[in-house]
Amino acid sequence: FFDRSSLSPEERKAIQARRHYWMGQFYLEREEYAHAQGQFRAALELEPESLALQLGLVDALLGGQQFDETEKLLQQVVAKHPESVHALILQAQLAISRAEAASARREQDKWLDKAISALEKAKALQPKNVDVLKELVAVYTAKRDIDKLTTIYREIIEANPKDTYSIFVLANLLAKRGQREEAVSLYEKVIEQRRGFVNAYVYLGLVQEELGQT
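Residues numbered from 1 in each chain as written. Predicted model: local features only at pLDDT ≥ 70, side-chain atom pairs only at ≥ 80, totals over all residues. Heavy atoms only, no water.

This part is about the overall build of the chain. Counting its regular elements, the chain contains 11 helices and zero strands. Counting from the amino terminus, the chain carries its helices and strands in the arrangement α-α-α-α-α-α-α-α-α-α-α. Taken over the C-alpha trace, the chain has a radius of gyration of 22 Å; the compact-globule value for 214 residues is 17 Å, which it surpasses by more than 25%. In terms of overall dimensions, the chain has a C-alpha envelope of 75 × 45 × 30 Å along the principal axes. Within the span of the chain, comprising 214 residues, buried residues form 43% of the whole. In the chain, the share of contacts with a sequence separation of at least 24, taken over all contacts with a separation of at least 6, comes to 44%. Accessible surface computed for the chain: about 12,400 Å², of which carbon and sulfur atoms make up 50%. Of the charged side chains in the chain, 29 are positive and 32 negative; the average position of the first set lies 1 Å away from that of the second. (Helix = DSSP H or I, 4+ residues; strand = E, 2+ residues; numbered from the N terminus. Rg over C-alpha atoms; globule rule 2.2 N^0.38 Å. Buried < 20%, exposed > 50% of the residue type's maximum accessible area, 1.4 Å probe, protein only. Contact = heavy atoms within 4.5 Å. Areas by Shrake-Rupley, 256 points an atom, 1.4 Å probe, with all protein chains shown as cover. Lys, Arg positive; Asp, Glu negative; His and termini not counted. Charge placed at Lys NZ, Arg CZ, Asp CG, Glu CD.)

Encoded structure:
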């Protein structure tokens, strides 16, 4: 359909690069990372400066746990595109993956701190980007930092008030911290948004019992 005789060589090259890009995305969805890498590399031969293609290859390398090559490419991308939130998210995901692979707690903390650094840069660029905030949740969960988790979940709900799951998790965190009255109001908000969320009724009942609201 696209391969018409009227197309210039540059247009043909751009179309071919897009074909490789979408095939790469297809293989990423199927978690066939070697095939995805092949498609993104082929596309980059046609358009070597494309940020989307570079990030696609980063994603495929990260999925294949080729951490050293992923880090090398990411450093190049972030140096050229420091404003790319997607690149910073991938940088954080790489650091989280390295933390998961590390055996020593000190090594884990080092990588988790690097993930936080990348995500804070992304957050400064886009304060209400939910993808950034949820990556911060993953980091602070790994660090077992309840205070930070509570703060981030509040920011997620501020960015997306209909995120029932995040409201529910925040209510659980507040209940554990002894902030039961606020937890009750959040459980009630969850039930208001999702009448069939059975766990919200259960936890609401438990907190009300603790408050003596029998």
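From this point, the narrative continues.
As a further point, take the packing of helix α1 (residues 9-29) against helix α2 (residues 33-46). One can describe the packing of α1 onto α2 by two numbers: an axis separation of 8 Å at closest approach and a directional angle of 165 degrees. Between α1 and α2, the crossing angle belongs to the class labelled roughly antiparallel. Both α1 and α2 take part in a crossing whose hand is left-handed. Residues Lys 13, Gln 16, Ala 17, His 20, Tyr 21, Met 23, Gly 24, Gln 25, Tyr 27 and Leu 28 of α1 touch α2, and the partners they reach there are Tyr 33, His 35, Ala 36, Gln 39, Phe 40, Ala 42, Ala 43 and Leu 46. Tallied by class, the residues present in the contact of α1 with α2 amount to 11 nonpolar, six polar and one charged. (Axes fitted to C-alpha atoms, helices over the stretch in contact; angles between N-to-C directions. Parallel < 35°, antiparallel > 145°, perpendicular 65-115°, else oblique. Left-handed = near helix turned anticlockwise from the far one by under 90°. Nonpolar A, V, L, I, M, F, W, Y, C, P; charged D, E, K, R; others polar.)

Turning next to the environment of Glu 47. Within the secondary structure layout, Glu 47 lies in the loop between α2 and α3 (51-63). Residue classification places Glu 47 among the partly exposed residues on the basis of a relative accessible area of 29%. Taking C-alpha positions, Glu 47 is 9.6 Å from Arg 18, a pair spaced 29 residues apart along the chain.

On to unusual backbone geometry. Of note in the backbone geometry, Glu 31 takes a positive phi value of approximately 60 degrees without being a glycine. Topologically, Glu 31 is positioned in the loop between α1 and α2. Within the chain, Arg 144 stands out as a residue other than glycine whose phi angle is a positive 60 degrees.

The biggest cluster of nonpolar side chains holds 65 residues, and the ones touching the most others in it are Phe 40, Val 139, Ile 152, Tyr 153 and Tyr 187. No other element matches the 10 residues that helix α5 (residues 85-101) contributes to this core. Not counting residues up to four positions away in its chain, the partners in contact with Phe 40 are Tyr 21, Gly 24, Gln 25, Leu 28, Leu 53, Gly 56, Leu 57 and Ala 60. (Core = buried A, V, L, I, M, F, W, Y, C linked by side-chain atoms within 4.5 Å.)

Right, let's talk about the side chain of Asn 172 for a bit. Take Asn 172: it is sitting in helix α9 (residues 164-176). On the accessibility criterion, Asn 172 (16% relative accessible area) is buried. Not counting residues within four places of it along the chain, the set of residues in contact with Asn 172 comprises Tyr 187 and Tyr 203.

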